[in-house]
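# Breakdown of the fold
The residues making up each chain are set out below.
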Amino acid sequence: MPDFWHHGQAPRDDHPMADVIFFDLDGTLVDHRSAVFETIGQIVQAAPNATAPSQELVALWWTLEARHMREYLTGECSFAEHHRRRLRAFLPMLGEPVPDSPALLDSWIDERYLTVFEESWRCYPDVKPCLETLKRLPQGPRLAVLTNGDPEQQRAKLARFGLLEYFEAVLTPTELGAAKPVAYAAACRRMGTDPAQAVNVGDMLESDVNAAARAGLTGIWLDRGIDFVTGGPSPTADETVLRIERLTDLPNQLARTNA
């Protein structure tokens, strides 16, 4: 563990506070999962020829999202094409024909999915209080968003909730040339900091916390009480994992590292 971190101990003047804190976005700052389920739930309920129960179709969309997002993150397809692939697999289950034209698939995504999806975005209530407190800390850290999402869509989320002003950078695979969990070293280089002076905060225990720690950062797990992927209970973490249940718990931990 980087030696700036003295968990539960009094501040020490010879160790500076973390230089940079990276925040994950989906599941950490914005409730992505609920927005997806709300959006697809509306689409399925309005589909008269659906071939399966609503709950099953919503779960299918979530599975397809994960599958084709991985293809986007590995460079196999563009962000737009990952949406098209998802839709080609989903429309038959919805009882709708699959257009041959990529432009028609894009129109479906824009008009029937993204319009509702963007209206369904919700910022967690602990986000702004946390960021405001960090902004007021003496010798406070620089803040950045580190996300695997599409840069345009992710910046739109941050702008919607007035969060862009808090962050020095919004880093995605487009800027870094790699996705998490590989992207941590590149993110530190982009921010001009040593991994040992960087913290990564996120809701995904493996990719946001354990992978960050393997890259030399301090990973902090934001355990919101739900597994982002399965929707079930949170995974069980090793007792050495630094864990918080609310983002508003983060500034106090950081403030204890140095006055």
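The following paragraphs examine the structure supplied in this document. Residue numbering note: each chain is counted from 1, following its sequence as written. Only residues with pLDDT of at least 70 are given local features in this predicted model, and only at 80 or more are side-chain atom pairs given and counted; all residues enter the totals for whole chains, interfaces and linings. Values reported for side chains reflect all heavy atoms of the structure, with hydrogen atoms and water molecules removed beforehand.

## What about the side chain of Gln153?
Our working rule: For the purposes of this entry, the term helix denotes a DSSP run of H or I that reaches at least four residues, the term strand denotes a run of E that reaches at least two, and both are numbered from the N terminus. Throughout, a residue-residue contact means that at least one pair of heavy atoms, one from each residue, lies within 4.5 Å.
With respect to the helices and strands, Gln153 occurs in helix α6 (residues 151-160). Setting aside chain neighbours within four positions, we find Gln153 in contact with Phe79, Leu114, Phe117 and Trp121.

## A few points about the packing of aromatic side chains
Formally: For Phe, Tyr and Trp, rings pair up if their centres lie within 6.5 Å, where Trp contributes its six-membered ring, and each pair is then called stacked (planes under 30 degrees apart), edge-to-face (over 60) or tilted (otherwise). A simple rule labels every residue: compare its accessible area, found with a 1.4 Å probe on the protein chains alone, to the largest value its type can have, and call it buried under 20%, exposed over 50%, or partly exposed in between. Two conditions define a charge sitting above a ring: the NZ of Lys or the CZ of Arg must be within 6 Å of the ring centre, and it must be within 35 degrees of the ring normal.
If you walk through the whole model with that rule in mind, you get eight aromatic pairs. Residues Tyr72 and Phe79 carry aromatic rings whose centres are separated by 5.2 Å and whose planes lie at 70° to one another, so their mutual orientation is edge-to-face. Here the two residues Tyr72 and Phe79 agree in accessibility, since each one is buried. By way of ring pairs, the aromatic residues Trp61, Phe90, Tyr113, Phe117 and Trp121 are connected into one cluster. Residue placement shows Arg33 over the ring face of Trp62; its charged tip is 5.0 Å from the ring centre. Positioned above the aromatic ring of Tyr124 is the side chain of Arg224, whose terminal nitrogen or guanidinium carbon lies 3.7 Å from the ring centre.

## Here we look at the sheet that holds strand β6 (residues 242-244)
The condition that has to hold: By this definition, two strands are paired if DSSP reports at least two bridges between them. Axis geometry follows a simple rule: fit a line to the C-alpha atoms, using only the stretch in contact for helices, then measure angles between N-to-C directions, giving values from 0 to 180 degrees.
The strand order across the open sheet built from six strands is β3-β2-β1-β4-β5-β6, with neighbouring strands paired in parallel fashion. For this open sheet the edge positions go to β3 (169-171) and β6, each flanked by a neighbour on one side alone. Shown here is a sheet whose adjacent strand axes are inclined to one another by a mean of 25°, direction ignored. Across four bridges, strand β1 (residues 20-23) lies against strand β2 (residues 142-146) in parallel orientation. Bridged to Phe22 within β2 is Ala144. Helix α5 (residues 127-136) contacts β1 and β2 of the sheet and is inclined by roughly 170° relative to β1.

## A look at helix α9 (residues 205-214)
Within the sequence span of α9, burial applies to Leu205, Asp208, Val209, Ala211 and Ala212. Contact partners of the buried residues in α9: α8 (184-191), β4 (198-202) and β5 (218-222). At the exit of α9 stands Gly216, carrying a positive phi of roughly 100°.

## So, the packing of helix α2 (residues 54-73) against helix α3 (residues 79-94)
Note the cut-off: What sets the label is the angle itself: under 35 degrees gives roughly parallel, over 145 gives roughly antiparallel, 65 to 115 gives roughly perpendicular, and the rest give oblique. Crossing handedness: left-handed means the near helix sits turned counterclockwise from the far one by under a right angle, and right-handed means the same turn made clockwise. Lys, Arg, Asp and Glu make up the charged group, whereas Ala, Val, Leu, Ile, Met, Phe, Trp, Tyr, Cys and Pro make up the nonpolar group; the residues left over, Gly among them, are polar.
Their axes nearest at 9 Å, the elements α2 and α3 cross at an angle of 150°. Our classification of the angle between α2 and α3 gives roughly antiparallel. Of the two elements, α2 crosses α3, and the hand of that crossing is right-handed. Contacts between α2 and α3 involve Leu57, Leu60, Trp61, Leu64, Glu65, His68, Met69, Glu71 and Tyr72 from the former and Phe79, His82, Arg85, Arg86, Leu87, Ala89, Phe90, Met93 and Leu94 from the latter. Partitioned by chemical class, the residues of the contact of α2 with α3 number 12 nonpolar, two polar and four charged.

## Some words on the pattern of salt bridges
Convention followed: For salt bridges, the criterion is a side-chain nitrogen of Lys or Arg within 4 Å of an Asp or Glu carboxyl oxygen.
For the structure shown, the criterion picks out 22 salt bridges. Where Arg142 meets Asp19, a salt bridge forms, and the shortest distance between an N and an O atom there is 2.8 Å. Remark: Asp19 occurs in the segment before β1 and Arg142 occurs in strand β2; sequence separation between them is 123 residues. Since its relative accessible area comes to 26%, Asp19 is described here as partly exposed. In this structure, Glu132 and Arg136 form a salt bridge, with 3.5 Å as the shortest nitrogen-oxygen distance. On the criterion of helical spacing, the pair formed by Glu132 and Arg136 is a turn pair, its members being four residues apart in helix α5. On the basis of relative accessible area, Glu132 is assigned to the partly exposed category, the value being 25%. For Arg136, a relative accessible area of 58% gives the class exposed. Each member of the salt-bridge network shares a partner with another, and the members are Glu71, Glu76, Glu81, Arg84, Arg85, Arg88 and Asp106.

## Considerations on the packing of helix α1 (residues 32-45) against helix α4 (residues 102-119)
Two quantities define a packed helix pair, namely the angle between the axes and the distance from one axis to the other. For the pair α1 and α4, the least separation of the axes is 8 Å and the interaxial angle reads 125°. It follows from the interaxial angle that α1 and α4 lie oblique. The two elements α1 and α4 meet at a crossing, and its hand is right-handed. Seen from α1, the contacting residues are His32, Ala35, Val36, Thr39, Ile40, Gln42 and Ile43; seen from α4, they are Trp108, Arg112, Tyr113, Val116 and Phe117.

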